[in-house]
Amino acid sequence: MESALPAAGFLYWVGAGTVAYVALRISYSLFTALRVWGLSHEAGVGPRLGEWAGSSQPAEAETQSMSHPSDAVHLPWGQMGSQGLGNQGVHTQPMEMMLHLKQAIEKHMRQLATRHQQQDLVPEDKRPYQAPGEQEALLGNLMYQLVNLLQSGATDGPGLQPSCPSLDVKGDAGGGQWQWAQSSRQPAQPGYQLNDPEATFVSQHLSRRGIDISASYQASFQDYKMYQGDKYHEDENTLGFINLGLSENKLCLDLMTERLSQSDMNVIEDVLLQYPDWSGHPFLREEVARFLTCYCKVPAQLDPENVVVLNGCSSVFSTLAMVLCDPGEAFLTPTPFYGGFVFSSGLYSKIELIPVHLDSESTDANPCPFQLTVDKLERALLESTLAGKKVRGLILINPQNPLGDVYSRDLLEECLGFAKRYNLHVIIDEIYMLSVFDDSVTFHSVLSMESLPDPNRTHVIWGTSKDFGISGFRFGVLYTHNKEVASAVSSFGYLHGISGIAQYKLCRLLQDQEWIDTVYLPTYRSRLQKAHRYITKKLKALGIPFLNRGSGLYIWINLQVYLDPCTFEEELLLHHHFLDNKLMLSRGKTYTCKEPGWFRIVFADKPLRLKQAMYRFYQVLEEQKQRLRVKQLESTQRE
Amino acid sequence: MFTLPQKESRAPATCPGPTSIQDLDSNSGDDLERECSRKPDRKLPEDCGASGPTAMLSSDSSCLSSRGRVIKWFWDSAEEGYRTYHMDEYDEDKNPSGIINLGTSENKLCFDLLSRRLSQSDMLRVEPSLLQYPDWRGHLFLREEVARFLSFYCKSPNPLKPDNVVVLNGCASLFSTLATVLCEAGEAFLIPAPYYGAITQHVYLYGNVRLVCVYLDSEVTGLDTRPFQLTVEKLEMALQRANSEGVKVKGLILINPHNPLGDIYSPGELRDYLEFAKRHELHVMVDEVYMLSVFEKPAAYRSVLSLEGLPDPQRTHVMWATSKDFGMSGLRFGTLYTENWDVATAVASLCRYHGLSGLVQYQMAQLLRDRDWINQVYLPENHARLKAAHAYVAGELRALGIPFLSRGAGFFIWVDLRKFLPEATFKAEMLLWRQFLDNKVLLSCGQTFECKEPGWFRLVFSDKAHRLRLGMQRVRQVLEGKSRVAEEPSSCQTQEPRSQRR
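On a predicted model such as this, the values are computed, not experimentally measured, just so you know.

A. Here's a closer look at the overall build of chain B. When you go through chain B residue by residue, the secondary structure sums to 18 helices and 13 strands. Here chain B, with 502 residues, has 64% of them falling under the buried criterion. For chain B, restricting intrachain contacts to residue pairs at least 6 apart in sequence, the fraction spanning at least 24 positions comes to 75%. Summing over all exposed atoms, chain B offers an accessible surface of approximately 17900 Å²; the carbon and sulfur share of this is 50%.

B. Region of interest: the confidence of the model for chain B. Residues and elements named next belong to chain B. Per-chain confidence: chain B averages 85 in pLDDT, with 84% of residues scoring 70 or above. Low pLDDT, under 50, characterises residues 484-502; the predicted model gives this stretch 14 contacts beyond four residues in sequence or across chains. Interface confidence for the predicted complex, given as ipTM, is 0.86, next to a pTM of 0.79.

C. Main features of the nonpolar core. Core analysis: the biggest nonpolar cluster contains 320 residues, and A:Phe468, A:Phe617, B:Leu190 and B:Phe326 have the highest contact counts within it. If we ignore the near neighbours within four places in the chain, the residues touching B:Phe326 are B:Leu114, B:Phe149, B:Leu292, B:Trp320, B:Leu367, B:Leu368, B:Trp373, B:Ile374 and B:Tyr378.

D. Expanded view of the sheet that holds strand E12 (residues 444-445) of chain B. Residues and elements named next belong to chain B. One open sheet accounts for 4 strands, arranged E9-E10-E13-E12; its pairing is antiparallel. Among the strands making up the open sheet, the edge pair consists of strand E9 (404-405) and E12. Two strands pair when backbone bridges link them, and strand E10 (residues 412-416) and strand E13 (residues 456-460) are joined in this way by 5 bridges, in the antiparallel orientation. Across the sheet, Trp414 pairs through a bridge with Arg458, a residue of E13. Along the sheet, helix H15 (residues 371-399) contacts E9, E10 and E13; its crossing angle with E10, the most-contacted strand, is approximately 10°. On the sheet, helix H16 (residues 426-438) packs against E12 and E13 and is oriented at approximately 25° with respect to E13.

E. Molecular detail of the interface of chain A and chain B. If you look at the interface, chain A gives 91 residues, while chain B gives 87 residues. For the pairing of chain A and chain B, the buried interface totals around 8000 Å² over both sides, and the portion due to carbon and sulfur atoms is 56%. Remark: the boundary between chain A and chain B carries 0 salt bridges. Here the side of chain A that touches chain B gets 10 residues from one element, more than from any other, and that element is helix H5 (residues 208-229) of chain A. Residues belonging to the side of chain A that touches chain B are distributed by class as follows: 39 nonpolar, 34 polar and 18 charged.

F. Fine view of the sheet that holds strand E2 (residues 307-310) of chain A. Residue and element names in this part refer to chain A. Ordered by their spatial adjacency, 7 strands build an open sheet running E2-E8-E7-E6-E5-E3-E4, and the pairing between neighbours is mixed. Only two strands of the sheet have a single partner each, and these edge strands are E2 and strand E4 (352-357). Direction aside, the axes of adjacent strands within the sheet are offset by 25° on average. Relative to strand E5 (residues 391-397), strand E3 (residues 330-335) is paired through 3 bridges, and the arrangement is parallel.

G. Region of the structure containing helix H8 (residues 171-182) of chain B. All names here are of chain B. For H8, which comprises 12 residues, the first-to-last C-alpha distance of 16 Å matches the rise-based estimate of 16 Å (1.5 Å per residue) to within 8%. Buried residues dominate H8, accounting for 12 of its 12 residues. Taken as a whole, H8 has its buried residues at Cys171, Ala172, Ser173, Leu174, Phe175, Ser176, Thr177, Leu178, Ala179, Thr180, Val181 and Leu182.

Parameters and conventions
Residues numbered from 1 in each chain as written. Chains lettered and ligands numbered in written order. Predicted model: local features only at pLDDT ≥ 70, side-chain atom pairs only at ≥ 80, totals over all residues. Heavy atoms only, no water. Helix = DSSP H or I, 4+ residues; strand = E, 2+ residues; numbered from the N terminus. Buried < 20%, exposed > 50% of the residue type's maximum accessible area, 1.4 Å probe, protein only. Contact = heavy atoms within 4.5 Å. Areas by Shrake-Rupley, 256 points an atom, 1.4 Å probe, with all protein chains shown as cover. pLDDT = per-residue confidence, 0-100. Core = buried A, V, L, I, M, F, W, Y, C linked by side-chain atoms within 4.5 Å. Pairing = 2+ DSSP bridges. Axes fitted to C-alpha atoms, helices over the stretch in contact; angles between N-to-C directions. Buried area = accessible area lost by both parts, 1.4 Å probe. Salt bridge = Lys/Arg side-chain N within 4 Å of Asp/Glu carboxyl O. Nonpolar A, V, L, I, M, F, W, Y, C, P; charged D, E, K, R; others polar. Expected span 1.5 Å × (residues − 1).

So, in structure tokens, the structure goes:
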């Protein structure tokens with residue numbers, strides 16, 4: 001009996017854990033679903049587009065609505081008068097309700113857990129093993145009721161008709177997954193792209209990981225999708241989304257368009273149309289080596305053989321993760337950090353990213369907010385090793401995204417030294433290296449060091465997406481002294497290859513040093529400076545704390561005073577308030593920031609759009625203040 | 001049956017003791033490395049992939065993960081011929097003694113037409129939206145154009161929908177993404193063999209999906225009407241065998257027109273295969289990348305998209321690309337058409353990693369839109385040139401008394417060189433392949449296509465006349481030497497081709 005008990009205890013915890021997990025997933029899904037509901041419900045206010053969904057050719061309707069976005073449907077709530085505000089209430093109120101429900105569930109689960117802890121001495125056969133099942137039923141029922149409640153109000157609402165939620169919990173590392181089962185599949189609705197049915201139903205055709213991939217993409221990129229369908233345009237769509245969430249450099253599109261239209265770009269040679277060398281055409285790799293040697297101030301000429309070019313830095317990171325790590329192994333990552341890495345590491349390579357949390361508070365040990373120190377790295381490494389994790393490397397982003405920090409040479413050396421001591425790989429993402437606009441800040445590429453502590457384990461990533469503002473070009477570079485790593489990454493060339501024609505253009509672009517030095521970079525940096533100055537001035541006027549750094553395309557801002565309580569749920573709500581006003585920012589949670597309330601705001605956009613965006617920003621914060629006041633009033637009244 | 005490492009999962013705590021690892025290290029290590037660098041086939045030693053045996057694949061100093069080593073092994077072994085060729089490419093003026101590549105399936109006959117078309121002014125447009133982050137499914141203007149294009153050339157009964165189109169950087173990526181979203185790690189697709197061998201790598205690298213071969217015979221038996229004929233019976237048998245071995249099969253890959261056989265499936269056959277798949281709830285991925293390269297009776301070819309009432313439209317996924325039909329393998333453009341919205345969405349979720357440049361997307365849309373040029377200039381000329389090149393190589397083969405499959409599609413001829421092998425083994429086939437390479441002509445041997453009979457080779461004929469002539473001359477030199485070797489063993493030392501070896 002005694003020997004059986006620990007095992008039973010373990011099984012109990014598996015059960016309880018499952019229930020807790022299920023509850024959280026349900027809450028999250030419902031939360032998402034509510035957003036879907038809320039947003040698409042709004043469509044009913046415009047011309048009755050919702051009816052199209054029921055027409056005989058729904059697919060056509062969808063295409064139509066995508067190519068001719070109707071302004072009426074896309075009115076931001078803030079500009080819709082009382083009707084719009086009323087809707088906003090409909091939208092956020094259930095969401096707040098949902099949050100309360102979620103908190104209640106969590107509390108319930110905690111109580112449940114304590115109760116069982118106390119019951120640990122109860123004989124095995126008397127244990128309530130049916131509990132998880134019962135809990136599932138109860139929770140399911142609760143959620144179902146809530147959905148019904150909402151649906152009763154949604155007369156011409158979208159196709160979200162969850163039948164009894166099916167629970168599907170998997171034990172695999174990819175994480176459990178549960179989806180709304182939808183009885184009848186309906187084509188995507190016009191209007192907001194959010195209510196694509198794919199977000200909300202179980203596929204019989206995909207593998208589990210296929211579903212996971214789809215779902216994690218939905219979760220990470222639904223805002224992006226929404227934006228793609230409804231972009232702000234000065235003349236054509238003044239009510240569209242302004243995207244200050246996506247780190248895209250839109251300041252120099254005029255220069256790039258002009259340069260790429262020049263006649264030297266348009267050469268078609270046989271060799272460009274044939275199967276390439278999968279690590280990149282030699283002419284391009286030579287040019288990249290020369291370019292990096294020059295702009296990274298490398299002491300000795302870089303070797304083209306150590307260059308691999310792929311279609312974007314995500315691909316470079318993904319392949320590196322594949323060849324350096326086995327599934328389940330981990331990389332240390334100073335946090336907050338670029339969320340794309342989380343997404344990438346989960347999709348194909350299934351590696352873990354261990355956050356090394358940095359603090360915003362300044363103390364003696366932490367003189368600067370979010371200061372990275374080797375001490376913190378060392379502690380994180382120790383902790384995760386003790387927890388049985390196999391740490392294979394360290395990811396650094398320099399200039400940092402989202403903080404904008406530029407690492408000093410000393411800090412870089414210390415970090416590399418640390419990595420060498422523990423035989424860790426270092427992946428350094430230097431994708432913003434030319435986007436340092438403050439003259440008093442000097443960027444040091446890791447390639448500029450006289451001697452790398454561990455050249456065989458140091459891998460540098462760069463691309464043209466940010467520094468040249470051509471994210472649509474799909475071009476990323478790996479530079480590594482390790483020939484084995486370079487060739488292993490090259491074997492993915494088939495899957496991440498770049499068109500020969502694009503390779504030629506890139507080569508011409510990187511070759512034109514005169515244009516880069518005398519035209520492009522000076523203009524780019526002065527525009528960055530100007531845009532940065534504009535936004536920081538506005539932020540100061542609003543009394544919003546932020547990190548004032550001289551690099552990158554974004555500012556890390558602190559909106560904690562607008563959250564009450566200061567939780568990630570509230571952060572998400574505020575994020576949605578921004579979205580409701582057709583403004584996209586990115587919130588701290590997506591950078592794995594440990595403190596709620598931080599946002600990243602991108603400023604590399606045209607002055608006109610920035611102005612409009614800051615107006616919307618201001619409006620949302622005013623509304624939020626109002627909301628907080630009401631909340632406080634209510635709570636004092638209760639007391 | 002499997003051509004791939006058996007497992008990906010890391011060895012549990014009870015992995016082989018230190019002695020066994022040491023053994024592998026000191027003994028088989030060298031052997032294997034020598035093997036790897038020699039053989040262009042894709043067979044891994046049986047238990048590679050687990051953490052123990054990977055020690056064989058690389059020295060202790062390796063920085064790679066276990067799977068990284070397997071991946072690199074693939075690269076080193078599979079691409080050997082291709083890389084040897086790249087280091088010593090034939091060039092009329094600069095390197096006349098370089099290697100002639102009759103191994104890579106590329107259409108080199110129409111570069112003149114293509115580069116003229118791609119240099120026209122309508123191709124040169126640069127718009128800001130093309131330089132920014134795209135819709136990962138592909139720019140809408142391109143998907144619309146692809147849908148129109150496929151509707152027309154696949155003769156689909158109803159217009160295809162742009163929303164069901166996903167655009168990415170080549171068919172390799174398509175195989176990879178489909179494998180990932182349709183299968184769990186370790187599951188499998190059925191594929192009739194011989195087949196285009198690179199698919200093995202495509203579905204394995206990220207997806208860790210295996211291929212179960214449906215082996216086809218050169219001998220015409222039973223109700224078969226042609227060599228290497230695929231029948232539902234053979235499919236059923238292969239599926240049963242896989243099931244009995246505990247392998248979960250999730251789909252079937254069809255290549256039509258077939259690579260390397262050049263076969264074209266009749267609508268009846270296609271329907272049979274699709275019905276088979278439907279019975280067993282298998283996805284069917286139809287690779288139609290050679291659909292416009294049918295140069296004899298092009299009208300006889302039927303795309304799966306042309307069938308009225310597909311048996312299982314939600315599980316039928318069609319791929320096409322410009323690599324072959326437009327001779328632009330370097331352009332990296334591939335497209336998926338599927339009625340299944342979930343599959344399209346899941347594949348699109350991965351497109352962040354398989355995207356292609358906006359400028360190239362624009363050019364592709366322009367190209368596919370230009371029906372006049374395609375119908376009146378490009379296709380007739382391309383077909384005529386393919387036909388002429390095919391006729392030349394077929395004539396040469398006949399003169400040499402070499403049996404081959406004469407089909408009117410694709411860029412290659414499936415050649416039977418069994419009688420030139422001293423013994424019917426893959427080792428002998430490999431030796432012959434190496435002799436060709438030593439004589440500066442690159443072919444692909446049957447083993448890389450998982451052909452179960454040693455001695456078949458794929459010979460690509462879609463190259464310029466002067467290169468073809470020289471290539472065929474080099475092939476002849478090797479074979480004449482060989483046949484004489486077989487007939488009069490004593491004279492083999494004095495053979496011409498041997499003395500040319502470096």
